[in-house]
Amino acid sequence: MTTPPALLIAGHGTRDDAGAEAFRDFVRELGRRHPDLPVAGGFIELSPPPLGEAVTELVEQGVRRFAAVPLMLVSAGHAKGDIPAALAREKERHPGISYTYGRPLGPHPALLNVLERRLEEVLGDTDRSEVTVLLVGRGSTDPDANAEVFKAARLLWEGRGYGGVETAFVSLAAPDVPSGLDRCAALGARSIVVLPYFLFTGILPDRVRQQTGEWAAAHPDLDVRSADVIGPEPELLDLVMERYEEAVKGDLRMNCDSCVYRIALPGFEDKVGLPQQPHFHPDDDGHHHGHGHHHGGHSHSHAH
């Protein structure tokens, strides 16, 4: 029987220790659930272990084939560029390995069900039709990534009976959280639940909660509540395996229709055809052997 390709999980990285530990716990739990499958995970930036170290760990166990899954909700710069470029670099670092690349998690129905559960936890018996949800994403300089958050908001609204679902971002894109809340109020919302579109706890979800609290304090006549992040739910564990299976079978469906590297979007025309290269971080080298050099200058466009 041939060994299945190893599962390599790629995370954003966070300066928040609890958030980084939540990712590492999640990777360990995947390994426990699938004892026959080599599983490792690493970060693109900010937290240990770096992705290269996770690859090295698997290679040292004799792994030669990988399927990499980005543990990310939307396909922004990390998923489109940094991870494929980092994987290309690992291939040069470890001759003889091969990999396929899965797609980000996206607004999968299973995750929408978890988001609905998070809303229910804070709503109790409040009538859904009187509730406006503000879904808050990470925010990106990539318009396609921001559009994905709006897509999730729309899918959350469809058929679930909420009064409305609005969208905001905690960084890099408008509207920010206070502006998103202002918009909900301007639309006549009396009861608002702010729902962070994040997998795990971290500095950005904490910021969402803090800004929501500050806005709520300034608007005492409105009922404003904060819901929790998605968290390491069974649905998330199952979805990662679904993305792994897709990657192994070669059933890849990268979102290219509105990608700034392929399509000239207004204001982003200069990005078309740009080569995708990893940006290097001080703790990025997964080698244990002291080779400080890296291979730059390759135009690895993001994998499709």
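Residues numbered from 1 in each chain as written. Predicted model: local features only at pLDDT ≥ 70, side-chain atom pairs only at ≥ 80, totals over all residues. Heavy atoms only, no water.

## Things to note about the sheet that holds strand S7 (residues 191-196)
Piece 1. Taken together, the 4 strands give an open sheet; going across it, the order is S6-S5-S7-S8, and neighbouring strands pair in parallel fashion. For this open sheet the edge positions go to strand S6 (164-169) and strand S8 (223-226), each flanked by a neighbour on one side alone. Averaged over all neighbouring strand pairs, the angle between strand axes comes to 20°, with direction disregarded.
Piece 2. For strand S5 (residues 131-137) and S6, the ladder comprises 6 bridges, and the chain directions are parallel. Directly across from Val133, in S6, lies its bridge partner Val165.
Piece 3. Across the face of the sheet, helix H4 (residues 109-123) comes into contact with S5, S7 and S8 while running at roughly 140° to S7.
Piece 4. Against the sheet, helix H5 (residues 143-157) engages S5, S6 and S7, with an angle of about 160° to S6. (Pairing = 2+ DSSP bridges. Helix = DSSP H or I, 4+ residues; strand = E, 2+ residues; numbered from the N terminus. Axes fitted to C-alpha atoms, helices over the stretch in contact; angles between N-to-C directions. Contact = heavy atoms within 4.5 Å.)

## What to know about the packing of aromatic side chains
Piece 1. On inspection of all chains with the given rule, the structure shows 3 aromatic pairs.
Piece 2. Centroid distance Phe23 to Phe43: 4.3 Å. Interplanar angle 40°. Geometry classified as tilted. Of this pair, Phe23 sits in helix H1 (residues 17-33) while Phe43 is found in strand S2 (residues 39-43), placing the two residues 20 residues apart along the sequence.
Piece 3. With a relative accessible area of 3%, Phe23 lands in the buried category.
Piece 4. Overall, the relative accessible area of 3% leaves Phe43 in the buried class.
Piece 5. Consider the rings of Phe150 and Phe169, whose centres lie 6.0 Å apart with planes at 45°: the pair is tilted. Placement of the pair is Phe150 in helix H5 and Phe169 in strand S6, with a sequence separation of 19 residues.
Piece 6. Since its relative accessible area comes to 43%, Phe150 is described here as partly exposed.
Piece 7. We note Arg154 situated over the ring of Trp157; from NZ or CZ to the ring centre the distance is 4.8 Å. (Phe/Tyr/Trp six-rings, centres within 6.5 Å; stacked < 30°, edge-to-face > 60°. Buried < 20%, exposed > 50% of the residue type's maximum accessible area, 1.4 Å probe, protein only. Lys NZ or Arg CZ within 6 Å of the ring centre and 35° of its normal.)

Distances and angles like these do not, on their own, reveal function.
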